[in-house]
Amino acid sequence: MSTIKIHDKQFKLSIPQEDIEKEIIRVSEAINRDYKGKRPILLGVLNGCFMFASKLMQHLTIECEISFVKLSSYQGTATTGVIKEVIGLSESLTGRDVIIVEDIVDTGLTMQRMMESLGTREPASIEIASLFLKPERLQVPVNVKYSAFTIPDRFIVGYGLDYDGLGRNLPNIYDVVE
Ligand code: IMP
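Described in the following lines is the structure provided in the data block. (Residues numbered from 1 in each chain as written. Predicted model: local features only at pLDDT ≥ 70, side-chain atom pairs only at ≥ 80, totals over all residues. Heavy atoms only, no water.)

**Some thoughts on the environment of Asn172**
- Residue placement: Asn172 occurs in the loop between strand S9 (156-157) and strand S10 (173-176).
- What makes Asn172 buried here is its relative accessible area of 17%.
- In this structure the C-alpha to C-alpha distance between Asn172 and Leu109, which are 63 residues apart in sequence, comes to 26 Å.
- A distance of 2.9 Å separates a polar atom in the side chain of Asn172 from the backbone nitrogen of Gln17. (Helix = DSSP H or I, 4+ residues; strand = E, 2+ residues; numbered from the N terminus. Buried < 20%, exposed > 50% of the residue type's maximum accessible area, 1.4 Å probe, protein only. Polar contact = N/O pair within 3.5 Å; in protein donor to acceptor, adjacent residues only side chain to side chain.)

Right under this line is the structure:
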(Lines give C-alpha, C1' and ligand atoms only; values in the text may rest on other atoms or scores of the structure.)
Protein backbone atom coordinates (compact mmCIF):
# COMPACT_ATOMS: atom_id res chain seq x y z
CA MET A 1 0.00 0.00 0.00
CA SER A 2 1.57 3.33 -1.01
CA THR A 3 -0.71 5.70 1.00
CA ILE A 4 -2.06 5.08 4.48
CA LYS A 5 -4.03 7.00 7.11
CA ILE A 6 -2.99 7.13 10.78
CA HIS A 7 -5.24 9.12 13.14
CA ASP A 8 -5.92 12.38 11.23
CA LYS A 9 -2.96 12.28 8.82
CA GLN A 10 -2.11 10.75 5.46
CA PHE A 11 1.29 9.15 4.95
CA LYS A 12 2.95 8.03 1.73
CA LEU A 13 5.47 5.24 1.20
CA SER A 14 9.01 6.54 1.44
CA ILE A 15 11.54 3.77 2.17
CA PRO A 16 10.71 0.09 1.61
CA GLN A 17 11.79 -2.51 4.18
CA GLU A 18 14.40 -4.01 1.87
CA ASP A 19 16.21 -0.66 1.56
CA ILE A 20 15.99 -0.03 5.31
CA GLU A 21 17.53 -3.39 6.10
CA LYS A 22 20.32 -3.00 3.55
CA GLU A 23 21.46 0.14 5.35
CA ILE A 24 21.12 -1.49 8.79
CA ILE A 25 23.41 -4.31 7.62
CA ARG A 26 25.93 -1.67 6.51
CA VAL A 27 25.84 -0.22 10.06
CA SER A 28 26.22 -3.70 11.63
CA GLU A 29 29.26 -4.38 9.46
CA ALA A 30 30.86 -1.07 10.51
CA ILE A 31 30.29 -1.97 14.18
CA ASN A 32 31.74 -5.46 13.60
CA ARG A 33 34.89 -3.83 12.21
CA ASP A 34 35.20 -1.07 14.82
CA TYR A 35 34.55 -3.28 17.85
CA LYS A 36 36.55 -6.35 16.78
CA GLY A 37 37.96 -8.02 19.91
CA LYS A 38 35.71 -5.94 22.20
CA ARG A 39 32.36 -6.76 23.80
CA PRO A 40 30.11 -3.71 23.48
CA ILE A 41 26.81 -3.31 25.24
CA LEU A 42 24.03 -2.00 23.03
CA LEU A 43 21.66 0.28 24.92
CA GLY A 44 18.35 0.46 23.12
CA VAL A 45 16.13 3.49 23.68
CA LEU A 46 12.52 2.31 23.87
CA ASN A 47 9.96 2.32 22.41
CA GLY A 48 11.09 3.28 18.91
CA CYS A 49 14.35 1.31 18.69
CA PHE A 50 12.96 -2.20 18.92
CA MET A 51 12.90 -3.10 15.20
CA PHE A 52 16.22 -1.38 14.46
CA ALA A 53 17.92 -2.94 17.52
CA SER A 54 16.68 -6.39 16.54
CA LYS A 55 17.88 -6.22 12.92
CA LEU A 56 21.16 -4.52 13.91
CA MET A 57 21.96 -7.20 16.47
CA GLN A 58 21.11 -10.08 14.11
CA HIS A 59 23.96 -8.91 11.90
CA LEU A 60 26.55 -8.41 14.65
CA THR A 61 29.11 -11.19 14.61
CA ILE A 62 31.22 -9.84 17.50
CA GLU A 63 30.41 -10.70 21.14
CA CYS A 64 27.82 -8.20 22.34
CA GLU A 65 25.14 -7.60 24.96
CA ILE A 66 21.95 -5.58 24.92
CA SER A 67 19.90 -3.67 27.47
CA PHE A 68 17.13 -1.08 27.20
CA VAL A 69 16.07 2.23 28.70
CA LYS A 70 12.80 3.98 28.07
CA LEU A 71 12.52 7.71 27.55
CA SER A 72 9.88 9.97 26.11
CA SER A 73 10.02 13.42 24.56
CA TYR A 74 7.33 13.43 21.86
CA GLN A 75 3.60 13.95 21.78
CA GLY A 76 1.97 13.84 18.36
CA THR A 77 4.35 15.21 15.73
CA ALA A 78 6.06 17.88 17.87
CA THR A 79 8.68 17.44 20.57
CA THR A 80 7.65 18.58 24.04
CA GLY A 81 11.31 19.31 24.84
CA VAL A 82 10.81 17.59 28.20
CA ILE A 83 12.57 14.25 28.37
CA LYS A 84 11.54 11.82 31.05
CA GLU A 85 13.46 8.68 31.93
CA VAL A 86 10.73 6.12 32.46
CA ILE A 87 12.72 2.93 32.89
CA GLY A 88 16.26 3.21 34.19
CA LEU A 89 19.28 1.02 33.68
CA SER A 90 20.34 -1.68 36.15
CA GLU A 91 23.63 -2.88 34.59
CA SER A 92 27.01 -1.41 35.55
CA LEU A 93 28.59 0.43 32.62
CA THR A 94 31.97 0.93 34.26
CA GLY A 95 34.69 0.24 31.70
CA ARG A 96 32.14 -0.86 29.08
CA ASP A 97 31.95 0.17 25.42
CA VAL A 98 28.41 1.46 25.10
CA ILE A 99 26.52 1.85 21.81
CA ILE A 100 23.24 3.73 22.23
CA VAL A 101 20.65 2.41 19.76
CA GLU A 102 18.04 5.03 18.84
CA ASP A 103 15.29 5.14 16.19
CA ILE A 104 15.75 8.78 15.17
CA VAL A 105 17.80 11.79 16.26
CA ASP A 106 15.70 14.90 15.73
CA THR A 107 16.48 17.90 18.00
CA GLY A 108 19.24 15.83 19.64
CA LEU A 109 17.94 16.64 23.14
CA THR A 110 17.24 13.00 24.00
CA MET A 111 20.74 11.93 22.98
CA GLN A 112 22.33 14.87 24.81
CA ARG A 113 20.47 13.86 27.97
CA MET A 114 21.49 10.20 27.52
CA MET A 115 25.15 11.10 26.95
CA GLU A 116 25.17 13.27 30.10
CA SER A 117 23.54 10.62 32.22
CA LEU A 118 25.64 7.69 30.89
CA GLY A 119 28.85 9.73 31.12
CA THR A 120 28.58 9.67 34.93
CA ARG A 121 28.66 5.83 34.90
CA GLU A 122 32.32 5.67 33.80
CA PRO A 123 31.97 3.75 30.52
CA ALA A 124 35.14 3.19 28.45
CA SER A 125 33.38 4.71 25.41
CA ILE A 126 29.93 5.80 24.23
CA GLU A 127 28.80 6.02 20.60
CA ILE A 128 25.38 6.49 19.03
CA ALA A 129 23.78 4.29 16.35
CA SER A 130 20.58 5.81 14.98
CA LEU A 131 18.35 4.50 12.24
CA PHE A 132 17.54 8.06 11.14
CA LEU A 133 19.15 11.45 11.60
CA LYS A 134 17.49 14.79 10.74
CA PRO A 135 20.51 17.14 10.67
CA GLU A 136 18.40 20.26 9.90
CA ARG A 137 16.50 19.82 13.16
CA LEU A 138 19.49 19.46 15.51
CA GLN A 139 19.37 22.02 18.36
CA VAL A 140 22.43 20.75 20.22
CA PRO A 141 25.68 19.21 18.93
CA VAL A 142 25.38 15.42 18.96
CA ASN A 143 27.89 13.10 17.33
CA VAL A 144 25.99 10.24 15.67
CA LYS A 145 28.78 7.87 14.64
CA TYR A 146 26.51 5.30 12.99
CA SER A 147 23.38 6.35 11.12
CA ALA A 148 21.54 4.28 8.55
CA PHE A 149 19.76 7.25 6.92
CA THR A 150 20.11 11.04 6.92
CA ILE A 151 16.72 12.56 6.08
CA PRO A 152 15.28 16.06 5.60
CA ASP A 153 13.00 17.73 8.16
CA ARG A 154 9.83 15.66 7.78
CA PHE A 155 7.77 13.46 10.06
CA ILE A 156 8.00 9.73 9.38
CA VAL A 157 6.37 6.56 10.74
CA GLY A 158 7.01 2.83 10.49
CA TYR A 159 9.79 0.38 11.37
CA GLY A 160 9.29 1.11 15.08
CA LEU A 161 8.51 4.84 14.76
CA ASP A 162 5.02 6.02 15.68
CA TYR A 163 2.54 8.83 15.28
CA ASP A 164 0.72 9.09 18.62
CA GLY A 165 1.19 5.40 19.40
CA LEU A 166 0.31 4.00 15.98
CA GLY A 167 2.36 2.90 12.97
CA ARG A 168 5.23 1.16 14.78
CA ASN A 169 4.28 -2.17 13.20
CA LEU A 170 4.63 -0.93 9.61
CA PRO A 171 7.57 -2.71 7.92
CA ASN A 172 8.28 0.27 5.60
CA ILE A 173 8.88 3.97 6.30
CA TYR A 174 6.11 6.44 5.41
CA ASP A 175 6.35 10.27 5.12
CA VAL A 176 3.58 12.53 6.35
CA VAL A 177 1.61 14.26 3.58
CA GLU A 178 1.26 17.91 4.62
P1 IMP B 1 14.90 14.34 19.91
O2 IMP B 1 15.12 14.36 21.40
O3 IMP B 1 14.21 15.61 19.47
O4 IMP B 1 16.14 14.06 19.11
O5 IMP B 1 13.80 13.26 19.62
C6 IMP B 1 14.04 11.94 19.50
C7 IMP B 1 12.74 11.17 19.60
O8 IMP B 1 11.64 11.87 19.00
C9 IMP B 1 12.85 9.88 18.83
O10 IMP B 1 13.35 8.84 19.62
C11 IMP B 1 11.41 9.63 18.41
O12 IMP B 1 10.72 8.93 19.42
C13 IMP B 1 10.81 11.00 18.27
N14 IMP B 1 10.78 11.46 16.86
C15 IMP B 1 11.52 12.42 16.27
N16 IMP B 1 11.23 12.57 14.98
C17 IMP B 1 10.27 11.66 14.70
C18 IMP B 1 9.56 11.28 13.49
O19 IMP B 1 9.75 11.82 12.38
N20 IMP B 1 8.66 10.26 13.63
C21 IMP B 1 8.42 9.63 14.80
N22 IMP B 1 9.06 9.94 15.94
C23 IMP B 1 9.97 10.94 15.89
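Having seen the structure, we can now continue with the description.
**What about the pattern of salt bridges?**
- Under the criterion given, the structure shown has eleven salt bridges.
- As a salt-bridge pair, Asp34 and Lys145 come within 3.9 Å of each other at their nearest N and O atoms. Of this pair, Asp34 sits in helix H1 (residues 17-34) while Lys145 sits in the loop between strand S7 (125-133) and strand S8 (146-150), placing them 111 residues apart in sequence.
- Overall, Lys145 belongs to the partly exposed group, its relative accessible area being 43%.
- Among the salt bridges present, the one from Glu65 reaches Arg96, with a minimum N-O distance of 3.3 Å. Placement of Glu65 in strand S4 (residues 65-75) and of Arg96 in the loop between strand S5 (78-87) and strand S6 (97-105) is noted, with a sequence separation of 31 residues between them.
- When its relative accessible area of 17% is taken as the criterion, Arg96 is described as buried.
- What you see here is one network of salt bridges that share partners, running through Arg39, Glu63, Glu65 and Arg96. (Salt bridge = Lys/Arg side-chain N within 4 Å of Asp/Glu carboxyl O.)

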